[in-house]
Amino acid sequence: MGLDRDFAAALAEVVGPDHVRQSPGDLAVYARDATPLFHHPPDAVVFPATTDQVARVLQLATAYRVPVVPRGSGSNLCAATVPLRGGIILALTRMTQILEVSSEELLARVQPGVTTARLADAAAARNLLYAPDPGSRTTATVGGNIATCAGGLRGLKYGVTRNYVLGLEAVLPTGEVVRTGGRLWKDVAGYDLTRLLTGSEGTLAVITEATVALLPAPAESNTGVAYFESLADASRAVGAIISSGIVPATLEFLDRKCVAVVEEYAGLGLRLDAGALLLFGEDGPLEVVAGNMVRMRKICAESGALEVTVAADVARAEALLTARRCSLPALSRLGSLTILEDVTVPRPRMPEMVGRIDEIAERFDLQIATFGHAGDGNLHPTCVLDPDDEAAVERAHKAFAEVFRTAIRLDGTITGEHGVGAAKLPFLAERLGPAQLGLLRRIKSAFDPAGVLNPGKLGS
Amino acid sequence: MIFAKPLLDRCISCGYCLPACPTYAMTGEEASSPRGRISLMRALETGELPEDDGTLAEQASFCLGCRACEPVCPAGVEYGNLLEQWRDHQWRGGRRPLRARLLMAAVARPWLLRLPGLVRRHARTAASAGGPSLMLGCAERALFPRVSRAVRTLVPGLTVPPRQGCCGALHAHNGDSAAGERMAKEFGEALPGTIVTTSGGCAAHLAAHLGRPRVREASEFFVEADVLPLGTLSVDGRPARVALQDSCHLRNGLGVWRQPRELIRAVAEYVELPSAAACCGAAGTYSILRPRDSARILAAKIDEIEAAGVDYVVAVNPGCLRQLRAGLRKRRSRVEAVHLAELLVIASKQVRPDRQTDLSESGS
Ligand SMILES: Cc1cc2nc3c(=O)[nH]c(=O)nc-3n(C[C@H](O)[C@H](O)[C@H](O)COP(=O)(O)OP(=O)(O)OC[C@H]3O[C@@H](n4cnc5c(N)ncnc54)[C@H](O)[C@@H]3O)c2cc1C
Ligand code: SF4
Ligand code: SF4
């Protein structure tokens, strides 16, 4: 297709000719993100360096009616950054400054292209904690985290990204710059646009700066491992831990298949014969951590754990968490097409959901491994298959449709943290119902009357 | 078929490798990331991109081949192999950069490699004792003859077969894997038994073709041969402060990084550079083929070395040694770059602070 000549020239004038790419090779690499099976090249990739450049690019795009897809690191798993209708990819990877870290106000101000890990490290250097902790933290950007409202390994105790966004600077498709929220913990003037933009998946505005809340870093932390006969047993231990009044910092599980591949990658000496592994962890003052680790250990044993161990030191605890973070890519060792999904159900219904996933996998003759954030009921059933086996790919689509419907039926949702993107848009109506969907669309057109921001995604 | 399908299929585009890649750090552009380059390879394989696509050509040469993307990839993508296959295709015949062609032609001639021995005093032994033998390295014997001498000082029994060519790593990394493989095999025949090398790049290449057990990179060999203790190296009456620059292929290809640190710690105060594991920009022929990019990477490295306040920076690969020396000299730095073997010899002779050693009269 290609871009209108005048439009392309105007873009080059805004960001500089070196920062507009239009060659076939450059377009090919922006045709996909971390989501398998979705693929469509943009007509150009634009790399702005400032808010003002973002504003001018958006203004132009609206004037010329060209789709714009904002992009951080492209690590999302729902085809949120695949430019389904072409247009431009607005890559925010040049906006990477940490503008401020304040110990007194407990906040940081960053540009959108900063990775989550860099923000967390900058906070840690001041003995502060940036709590959101997605598995993709070393790669994913803060802008992408906010736009997807990323969750992560600390979700149960600390909440997800939205709990930490205090204020945003964002550019509307019309080129107007808005500053929502700010540096205050208390501020109720107006609709809460900060929350609305958090999780908006690049369909309402482009985030150009974020102010996020930090916490004092916990003095201590530790992680332990419990092995169970089955995932259902592990889920019961999770229920027992939470009913006992503990809100652990980490409560993650992996099934047998996940343990095997994670072990292959990380070589931690994990036990391979158990049906499920539960990682439990706590952070806080020394006595609290020590006490809660002992209690959780005991609860696991009483819930029928085959074996329970607690990490001997910080390095070992961190290694366990790192291994857990890489479950998805490690799973691809089983087959080169790895479709990871993301459903959440109320915690007490987790054993039932896990059972249903197993049953669905068997019925469709598929290999589905499951891991997830046990503490908040967020499951990642992951199907591993051969991409050339078209029949199996077809069966996987059908199987996942059933998984989503099952989650909805169990009072759950079709995505707990990864977002809807293009991949799950067909299921959104079932989750939200017609009235809410209609409202979503009206909100979308209020922000983006020309419909240029990330078309084919939320609000479409 | 340009690529082995299982190798290409392995990548699931998760992007875990992005933060490890030095060229992605420079540009922030997907095309210059490992994941992006794998996408380019796929597009080449399927014909979606024509062979003469400019981005393909640019990225095949912009990549350092440092393989920093390998150890961080949970899916186990063998990027180094993919890059070799890519360059085999991209750099066929006349499309190979001229300077690479000249170098490759030179090192493939054993008689030419023996010439430096006439003027430069690299290590030599008369008869082969049949034990492990020391590789002289095609570039190293000419540029840094004292490195092989240092190894022989540390391990006097080591054999140095006089007739040895080049292992072919240079060919493999510059678009001629077939020659690279053949040369490695010939090299293995010329030096039967364990081969000890002072170059991380050669070690990784030989290990790939002769099998890991036959290859011992010097630091591994020293640890196993137990050449310590050597005494503590002191500077101005205090223990010397010494940093290490990892060899990319040694660390990312063979997983060897503890041993050189252990050896340095045994003789000096070890200082970890924040980016010790990141490429210095030498990257085989990279500093010759892409001097500007190479210099950019090196500049940051030298800043770091100077900020670390060290007396020595140690390399375990001749290319890195050359690169670091050039960078330090340009800044008139007082930090000295040495090969690990040289450092150990200096320590064992304890000739500091005047830095007059029998090793210093030759070499660059
Ligand atoms: C191995 C792996 C593990 C993961 N683990 C987790 C996890 O534990 N929890 C979790 O929640 N997710 C996880 N993810 C998913 C993914 O990393 C997150 O969705 C992440 O937040 C995406 O960040 P990104 O910078 O890559 O954004 P992208 O993928 O580039 O973009 C994601 C969305 O945000 C929009 N966007 C990006 N930047 C901006 C901006 N500045 N302004 C407006 N919109 C923008 C895009 O348009 C798109 O809709 C994982 C992914 C992988 C591959
Ligand atoms: S980390 Fe491995 S699987 Fe993931 S994108 Fe990089 S090369 Fe591909
Ligand atoms: S080899 Fe080095 S430069 Fe090349 S893609 Fe991998 S990390 Fe980047």
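Our structure is the block above this text.
Residue numbers restart at each chain and count upward from 1, following the sequence in its written direction. Each chain gets a letter, beginning with A, and each ligand a number, beginning with 1, in the order they are written. Residue-level local features of this predicted model are given only where pLDDT is at least 70; pairs of side-chain atoms are given and counted only at 80 or more, and the full residue set underlies all totals for whole chains, interfaces and linings. Computation of side-chain values: all heavy atoms of the structure, hydrogens and water removed.

Caption draft 1: How the structure looks around the site of ligand 3. All names here are of chain B. Being near a molecule or strand, for a residue, means having at least one of its heavy atoms within 4 Å of it. Residues in close proximity to ligand 3 total 13 residues, the closest being Cys21, Cys63, Cys66, Arg67 and Cys69. Where helices and strands are cited, they refer to DSSP runs of H or I of at least four residues and of E of at least two residues respectively, numbered from the N terminus. Residue assignment for the shell around ligand 3 shows that the elements contributing at least two residues are helix H2 (22-27) and helix H3 (34-46). When grouped by side-chain class, the residues that make up the shell around ligand 3 number nine nonpolar, two polar and two charged. Just so you know the grouping, Ala, Val, Leu, Ile, Met, Phe, Trp, Tyr, Cys and Pro go in nonpolar, Asp, Glu, Lys and Arg go in charged, and all remaining residues, Gly too, go in polar.

Caption draft 2: View of the pairing of strand E3 (residues 68-71) of chain A. Residue and element names in this part refer to chain A. For the exposure calls, accessible area comes from a 1.4 Å probe over protein chains only, and a residue counts as buried if that area is under 20% of its type's maximum, exposed if over 50%, partly exposed in between. Neither face of E3 is exposed, since Val68 and Pro70 on one face and Val69 and Arg71 on the opposite face are all buried. Strands are labelled as partners when DSSP assigns at least two bridges between them. Both E3 and strand E4 (residues 88-91) contribute to a ladder of four bridges, which runs parallel. Among the inter-strand pairings, Arg71 is bridged to a residue of E4, identified as Ala91.

Caption draft 3: Just the side chain of A:Thr223, in detail. All names here are of chain A. Positionally, Thr223 belongs in strand E12 (residues 220-228). Residue classification places Thr223 among the buried positions, given a relative accessible area of 3%. Excluding residues that lie within four positions of it along the chain, Thr223 makes contacts with Leu279, Phe280, Gly281, Met293, Val310, Ala311, Ala317, Leu320 and Leu321. Contacts are assigned to residue pairs with any non-hydrogen atoms lying within 4.5 Å of each other.

Caption draft 4: Expanded view of helix H3 (residues 51-64) of chain A. With 14 residues, H3(A) should reach 20 Å at 1.5 Å per residue; the first-to-last C-alpha distance of 20 Å fits that figure. What H3(A) keeps buried is the set A:Thr51, A:Gln53, A:Val54, A:Ala55, A:Val57, A:Leu58, A:Leu60, A:Ala61 and A:Thr62. For a helix, the expected span equals 1.5 Å multiplied by the residue count minus one.

Caption draft 5: A look at the nonpolar core. All names here are of chain A. Formed by 52 residues in total, the largest nonpolar core has its most connected members in Leu278, Cys300 and Met353. Top element by residues in this core is helix H14 (residues 390-409). It accounts for eight residues. Sequence-distant contacts of Leu278, that is, excluding residues within four places in its chain, are made with Gly224, Val225, Ala226, Phe228, Ala234, Ala237, Val238, Leu251, Glu252, Phe253, Cys300 and Ala374. Only buried Ala, Val, Leu, Ile, Met, Phe, Trp, Tyr and Cys residues count toward a nonpolar core, and they belong to the same one when joined by side-chain atoms within 4.5 Å.

Caption draft 6: How the structure looks around the environment of A:Ile357. Residues and elements named next belong to chain A. Locating Ile357 in the fold gives a position in helix H13 (residues 350-363). Distance in space between the C-alpha atoms of Ile357 and Phe427 is 18 Å, their sequence separation being 70 residues. Residues contacting Ile357, with those up to four places away along its chain left out, are Ile368, Thr370, Leu379, Pro381 and Val403.

Caption draft 7: View of the interface of chain A and chain B. At the junction of the two partners, chain A supplies 36 residues and chain B supplies 29 residues. Here chain A packs against chain B, burying approximately 2400 Å² in sum over the two surfaces, 51% of which is carbon and sulfur. Only one rule defines a salt bridge in this text: a Lys or Arg side-chain nitrogen within 4 Å of an Asp or Glu carboxyl oxygen. A salt bridge links B:Lys5 to A:Asp388; the shortest N-O distance between them is 3.4 Å. Residues adjacent in sequence count toward polar contacts only when both atoms are side-chain atoms; beyond that, a polar contact is any pair of N or O atoms within 3.5 Å, and within protein one must be able to donate a hydrogen and the other to accept it. Here chain A is connected to chain B by 17 residue pairs in polar contact (both at pLDDT 80 or more). Accessible-area loss on putting two parts together, using a 1.4 Å probe and summing over both, is the definition of buried area adopted here.

Caption draft 8: Spatial organisation of the packing of aromatic side chains. Residue and element names in this part refer to chain A. A pair of aromatic rings is counted whenever rings of Phe, Tyr or Trp (Trp by its six-membered ring) have centres within 6.5 Å, and the orientation is called stacked for planes under 30 degrees apart, edge-to-face for over 60 and tilted otherwise. Tallied over the full model, the rule gives five aromatic pairs over all chains. Taken together, a centroid distance of 5.0 Å and an interplanar angle of 45 degrees make the contact between Phe7 and Tyr64 tilted. Residue Phe7 is found in helix H1 (residues 5-15), and its partner Tyr64 is found in helix H3; the two are separated by 57 residues along the sequence. You can call Phe7 buried: its relative accessible area is 0%. With a centroid separation of 6.2 Å and an interplanar angle of 70 degrees, the aromatic rings of Tyr30 and Phe47 are classed as edge-to-face. Of this pair, Tyr30 sits in the loop between helix H2 (24-29) and strand E2 (44-46) while Phe47 sits in the loop between E2 and H3, placing them 17 residues apart in sequence. The exposure class of Tyr30 is buried, given its relative accessible area of 3%. For Phe47, a relative accessible area of 0% gives the class buried. Among the aromatic residues, those joined into a ring-pair cluster are Phe400, Phe404 and Phe427.

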